[in-house]
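Chains, contacts and geometry: an overview
Next come the chains, spelled out residue by residue.
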Amino acid sequence: MVKLSDIAGTARSQGAPLVGSVPVELLGANREGIENVLDGAKSVVVLAAPHSRSAIEAKDVHAAQYDTIHAYEEVGRSAHAVARWLEARGYRAVAVPAFIPLDMSPPKYGMRGAVDWRSAAVKAGIGGYGENGLLLTWKFGPAVRLGGVVTDAEIQSVTAAPATPCTHCMRCVEACPSGALTGQGKIDKKRCGDRIFSTGFRAWRDFLVELIEAPPEKREEMVGRTLSLDLWQNFMTGNYYTCFACQAVCRVGRTASG
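Everything numeric here is computed off the predicted structure, so don't read it as measured data.

1. Structural notes on the environment of Ala124
Structurally, the position occupied by Ala124 is in the loop between α5 (117–123) and β4 (127–129). Measuring from C-alpha to C-alpha, the distance between Ala124 and Ser157 comes to 6.7 Å, with 33 residues separating the pair along the chain. Filtering out sequence-adjacent residues up to four positions away, Ala124 remains in contact with Gly20, Ser21, Val22, Val46 and Val158.

2. A few points about the layout of surface pockets
Its volume calculated, the second largest pocket comes out at about 190 Å³. Lining the second largest pocket are Val61, His62, Gln65, Tyr66, Ile69, Thr199, Asp230, Gln233, Asn234, Thr237, Asn239 and Thr242. Of all the secondary-structure elements, those providing two or more residues to the lining of the second largest pocket are α4 (61–87) and α10 (226–237). When the residues that make up the lining of the second largest pocket are grouped by side-chain class, the tally is three nonpolar, eight polar and one charged.

3. Section: the pairing of strand β6 (residues 144–151)
Extensive coverage of β6 is indicated by the burial of eight of its eight residues. Every second residue of β6 is oriented toward a common face, with Val144, Leu146, Gly148 and Val150 on one face and Arg145, Gly147, Val149 and Thr151 on the other, all of them buried. Pairing of strand β2 (residues 43–50) with β6, which is carried by eight bridges, proceeds in the antiparallel orientation. Within the sheet, the bridge partner assigned to Val46 lies in β6 and is Gly148. Sheet topology places strand β3 (residues 93–96) next to β6; four bridges connect them, and they run antiparallel. Paired with Val94 across the strands is Val150, a residue of β6.

4. What about the packing of aromatic side chains?
Any two aromatic rings considered together are summarised by their centre-to-centre distance and by the angle between their planes. One pass over the structure, following the stated rule, counts five aromatic pairs. With a centroid separation of 6.3 Å and 85 degrees between ring planes, the pair formed by Trp204 and Phe235 is classed as edge-to-face. Within this pair, whereas Trp204 is found in helix α8 (residues 201–213), its partner Phe235 is found in helix α10, the two being separated by 31 residues in sequence. Here the aromatic rings of Tyr240 and Tyr241 are separated by 6.1 Å at their centres, their planes lie at 80 degrees, and the arrangement is edge-to-face. Through a chain of ring-to-ring contacts, the aromatic side chains of Phe197, Tyr240 and Tyr241 assemble into a single cluster.

5. Some thoughts on α8
Compared with an ideal rise of 1.5 Å per residue, which puts 13 residues at 18 Å, α8 spans 18 Å between its outermost C-alpha atoms and is within 8% of the ideal. Buried within α8 we find Ala203, Phe207 and Leu211. Burial along α8 is one-sided: seen end-on, the buried residues are contained in an arc of 65 degrees. With respect to the buried face of α8, the exposed residues turned more than 90 degrees away are Phe201, Ile212 and Glu213. The secondary structure elements touched by the buried residues of α8 are α9 (216–223) and α10.

Thresholds, definitions, all that
Residues numbered from 1 in each chain as written. Predicted model: local features only at pLDDT ≥ 70, side-chain atom pairs only at ≥ 80, totals over all residues. Heavy atoms only, no water. Helix = DSSP H or I, 4+ residues; strand = E, 2+ residues; numbered from the N terminus. Contact = heavy atoms within 4.5 Å. 1 Å grid on protein atoms, 1.4 Å probe; cavity = no way out; pocket = protein on both sides within 12 Å on 5 of 7 lines; lining within 4 Å. Points joined across faces, edges and corners; volume = space filled by probe spheres on them. Nonpolar A, V, L, I, M, F, W, Y, C, P; charged D, E, K, R; others polar. Buried < 20%, exposed > 50% of the residue type's maximum accessible area, 1.4 Å probe, protein only. Pairing = 2+ DSSP bridges. Phe/Tyr/Trp six-rings, centres within 6.5 Å; stacked < 30°, edge-to-face > 60°. Expected span 1.5 Å × (residues − 1). Arc of directions from axis to C-beta.

Written as structure tokens, this is what we have:
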């Protein structure tokens with residue numbers, strides 16, 4: 001059995017200070033997707049890289065978007081380092097995308113990946129669910145991005161998930177600009193998605209259809225619209241989140257993450 005502490009050193013050196021592991025059999029809902037990534041997988045290593053709290057609290061959303069890119073890069077770099085570490089010791093291991101690319105075919109349509117990272121993180125003892133449905137960690141609160149590795153190695157794991165650090169202050173529910181949160185982790189995904197992905201796939205699809213159907217004299221004006229430029233930025237950076245409200249107001253872990 002591989003010691004989690006040995007893996008943690010590699011992950012932390014690459015920017016993911018929170019590390020946990022969970023046996024695949026505890027992730028029943030994801031079993032098929034995990035097996036598609038790695039036949040015979042036994043463990044999932046969960047990694048969390050922190051946000052800058054200052055960035056996600058900024059009035060300028062671009063600061064938070066830029067920090068999101070950085071956090072995903074760190075968790076991705078850590079995942080690949082852990083996978084290479086395991087392979088060097090004779091195990092099979094695959095770093096799994098934390099964000100994109102994802103399976104865009106039906107019925108998932110890119111809304112679910114091979115691993116439910118929040119559920120895996122809770123079962124790995126990294127944190128618990130908050131009122132906003134996000135993972136809350138003791139050290140960084142909800143200000144983290146998740147990713148990890150699927151491997152056929154048996155890895156030391158936490159036997160029971162600890163209680164959530166959520167204080168149930170309801171700040172996140174009150175701060176949600178779209179009214180998508182009702183507490184107890186319940187999320188109106190349509191309302192949340194319309195806000196957080198306001199320049200995501202649906203916006204691109206609608207813009208593209210309108211552009212194709214528009215008369216030639218209108219197309220140049222459409223291409224110069226702010227939406228067109230925002231979509232271009234998203235394609236260049238790979239990030240299109242436009243709301244960080246529930247993360248920004250959470251008090252959990254605030255003193256640790258700056």
